[in-house]
Amino acid sequence: MKILLLGSGGREHAFAWKLSQCPEVAELFIAPGNAGTLSCGENVHLNPLDFEAVLQFCKDKQVDLILPGNEDPLVAGIADFMKPRGIAVAGPDRFAAALEGSKDFAKAFMLRHHIPTASYQSFNADNLHEGKAFLQTLNPPYVLKADGLAAGKGVIITPNLDEAVQVLDEMIAGAKFGSASSTVVIEEFLHGIEISCFAVSDGHTWKMLGEAKDYKRIGEGDTGPNTGGMGAISPVPFANEEFMKKVAERIAAPTFEGLKKEGHPFKGFLFMGLMNCGGEPMVIEYNVRMGDPETEAIFPRLRVNMAELVNAIAHGNLENVKLELDPRTAATVFLVSAGYPGDIEKGKPMHIPAPGAQTHFFHAGTTMKDGQVLTNGGRVLAITSLAHDLNLAAEISLVAAETVKFEGKNYRKDIGRDLAALQQ
Ligand code: AMP
């Protein structure tokens, strides 16, 4: 098999690392990749959203399968584009990808298929007035979501009604997130603990793929601004068998069945962003690909032939793919650049010693220049360690974090600490 993996983050390094272990992978290309993916395959200069260029590359190199790591090419319809041109894509078509690409579509889909989620209404320029009136009828805090992709910034939650009204105005009339906020979903605030659950489907069968909890805020104790993710742990202590059974039966099953009924069976990885509301899972959001940093926590636990898995997603036969999760706990700590999630400086030389036996380093914002690894983004390196105990796994990752050097290195030292007590 020749595979083209699209993306450049820690998630893509984790995919590339898994794929590089499979004997059936003859060649692995990563577009554009990072300094870490260089040791798993060949990085190529390609814009994943330039489908014609991607197609030409696949023809030139006789690539069999494209694996999109992030949502942009999926939402833009890469699977629909490639299918008639004979290149397999391990990811959903544009219709199914709208579960992530449009919050309004996702909410309506959940309503159609009786999937538990917060109650909501959608508004646009035609009924902006009604939106403002609707806010007056709700209890705080107010949750406003830009309908389209807004680089993870399109959700605003405020306890203040005047601010909520103003934000609604800015989103719709002021195009705060461009066309992504021409429609806004206003929904009920859910109280509980968040969890990310994963499943995979080939369009016929589906399987659960474990769960993780990510840590989104920059500061310890979950303070400060949101980031792309400062760390993750997997498994999640409160996600017991009973809870995961509810997730499978009430959320994953009707999602896959619903898409099948609507003529767009889901092929790919499904990320269910959930709130555990007193033991009852409610959907906050769908993503139509793996999460980042959750992938970096789950993949070191995942015992699977990744080439077989992505091939099954594209061509069927998932039923016969063996999937197992290492029962140990993974704790991922993300090293980030000074100033992140605000302005950062790139190009800082990195010193990265070999990790210990229980630890994996996944590159994110890194690049290689003249044989030297340099920082190349806000989130730089994900460090995952496995241990029988969450505290120990986190501790090993923190020790490893000390050994990696670059100017301005920052990371949270409390990943998993809030949940470690639950594991006892
Ligand atoms: P999303 O982009 O939909 O994942 O939303 C970003 C974050 O906002 C989520 O990870 C939650 O922390 C929070 N959030 C979104 N929707 C709700 C809701 N209905 N109730 C409470 N928190 C929410």
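For the structure, see preceding data.
Counting restarts for each chain, with residues numbered from 1 along the sequence as it is written. Only residues with pLDDT of at least 70 are given local features in this predicted model, and only at 80 or more are side-chain atom pairs given and counted; all residues enter the totals for whole chains, interfaces and linings. Side-chain descriptors were evaluated using all non-hydrogen atoms of the structure, hydrogens and water having been removed beforehand.

A. Region of the structure containing the site of the ligand. Of all residues adjacent to the ligand, which total 14 residues, the nearest are Glu187, Glu188, Leu190, Glu194 and Glu285. Under the rule applied, a polar contact is a pair of N or O atoms within 3.5 Å (in protein, one hydrogen donor and one hydrogen acceptor; residues adjacent in sequence only if both atoms are side-chain atoms). Between the ligand and Leu190 there is a distance of 2.8 Å, counted from a nitrogen atom to a backbone nitrogen or oxygen. Glu285 is positioned such that a nitrogen or oxygen atom in its side chain is 2.9 Å from an oxygen atom of the ligand. Notes on the ligand: free accessible area 470 Å², of which the protein chains cover 86%. At the level of secondary structure, the elements contributing two or more residues to the shell around the ligand comprise strand E7 (142-146), strand E8 (155-158) and strand E14 (280-287). Class assignment of the residues belonging to the shell around the ligand gives a composition of seven nonpolar, no polar and seven charged. Proximity criterion: a residue is near a molecule or strand once any of its heavy atoms comes within 4 Å of it. Working definition of accessibility: Shrake-Rupley area with a 1.4 Å probe, residue cover restricted to the visible protein chains. Secondary structure elements follow DSSP: runs of H or I of four or more residues count as helices, runs of E of two or more count as strands, with numbering from the N terminus. All residues other than Ala, Val, Leu, Ile, Met, Phe, Trp, Tyr, Cys, Pro, Asp, Glu, Lys and Arg, Gly among them, are scored as polar; the first ten of these are nonpolar and the last four charged.

B. Quick peek at the layout of surface pockets. By volume, the second largest pocket amounts to about 320 Å³. Taken together, 17 residues make up the lining of the second largest pocket; nearest its centre are Ala79, Lys83, Val89, Gly91 and Lys267. Where the lining of the second largest pocket is concerned, the elements lending two or more residues are helix H4 (78-82), strand E5 (88-89) and helix H11 (306-315). Along the lines of polarity and charge, the residues of the lining of the second largest pocket split into eight nonpolar, five polar and four charged. Using a grid of 1 Å spacing that covers the protein atoms alone, one calls a set of points a cavity when a 1.4 Å probe fits there but cannot get out, and a pocket when the set is open and has protein on both sides within 12 Å along at least five of seven lines; lining residues are those with an atom within 4 Å of a point. Grid points are joined across faces, edges and corners, and a volume is the space filled by probe spheres set on the points.

C. Highlighting the nonpolar core. Here, nonpolar core refers to any group of buried Ala, Val, Leu, Ile, Met, Phe, Trp, Tyr and Cys residues whose side-chain atoms link them within 4.5 Å. Only protein chains enter the accessibility calculation, which uses a 1.4 Å probe. A residue is then buried if its area is under 20% of the maximum for its type, exposed if over 50%, and partly exposed in between. In terms of nonpolar packing, the biggest core is built from 74 residues, with Leu4, Ile66, Met82, Leu99, Met272 and Tyr286 touching the most fellow members. Phe198, Phe271, Ala314 and Val321 belong to the second largest nonpolar core, which has 40 residues in total.

D. Structural context of empty space enclosed by the protein. Inspection of every chain in the model, using the stated rule, returns two cavities of 30 Å³ or more. In this structure, the largest cavity spans a volume of roughly 50 Å³. Surrounding the largest cavity, 13 residues form its lining, Pro68, Ala90, Phe269, Val288 and Arg289 being those nearest its centre. Of all elements in the fold, only strand E4 (65-68) and strand E13 (267-277) reach the threshold of two or more residues within the lining of the largest cavity. The class makeup of the residues in the lining of the largest cavity is nine nonpolar, three polar and one charged. Put simply, the second largest cavity is a space of about 30 Å³.

E. How the structure looks around the environment of Gly9. Along the chain, Gly9 falls in the loop between strand E1 (2-7) and helix H1 (10-19). With relative accessibility at 15%, the residue Gly9 sits in the buried group. Sequence separation between Gly9 and Leu398 is 389 residues; the distance between their C-alpha atoms is 21 Å. Leaving out residues up to four positions away in the same chain, Gly9 has contacts with Asn34, Asp292, His363 and Ala364. The contact rule is simple, with two residues in contact once any of their heavy atoms fall within 4.5 Å.

F. Quick look at the environment of Lys132. Here Lys132 lies in helix H7 (residues 128-137). Discounting chain neighbours no more than four positions away, the residues touching Lys132 are Val165, Leu168 and Asp169. There is a polar contact of 2.8 Å between the side chain of Lys132 and the side chain of Asp169.

G. The arrangement of the side chain of Thr227 in detail. Following the sequence through the fold, Thr227 ends up in strand E12 (residues 223-234). For Thr227, a relative accessible area of 13% translates into the label buried. Only 2.6 Å separates the side chain of Thr227 from the backbone oxygen of Lys216, close enough to count as a polar contact. One polar contact links the side chain of Thr227 to the main-chain amide nitrogen of Gly229, over a distance of 2.8 Å. Sequence-distant contacts of Thr227, defined by excluding residues within four places in its chain, comprise Tyr215, Lys216, Arg217, Ile218, Tyr340 and Pro341.

H. Highlighting the environment of Ala212. If you trace the backbone, Ala212 turns up in strand E11 (residues 206-219). With a relative accessible area of 0%, Ala212 lands in the buried category. Separated by 25 residues in the primary sequence, Ala212 and Pro237 have C-alpha atoms spaced 9.6 Å apart. The contact partners of Ala212, leaving out residues within four places of it in the chain, are Ile195, Ser196, Ile233, Ser234, Val236, Glu294 and Ile298.

I. Spatial organisation of helix H12 (residues 390-403). Between its first and last C-alpha atoms H12 spans 20 Å; for 14 residues at 1.5 Å apiece the expected length is 20 Å, and the two agree. N-cap assignment for H12: the residue whose side-chain oxygen lies 3.3 Å from the backbone N of Asn391 is Asp389. Helix span, expected: 1.5 Å multiplied by one less than the number of residues in the helix.

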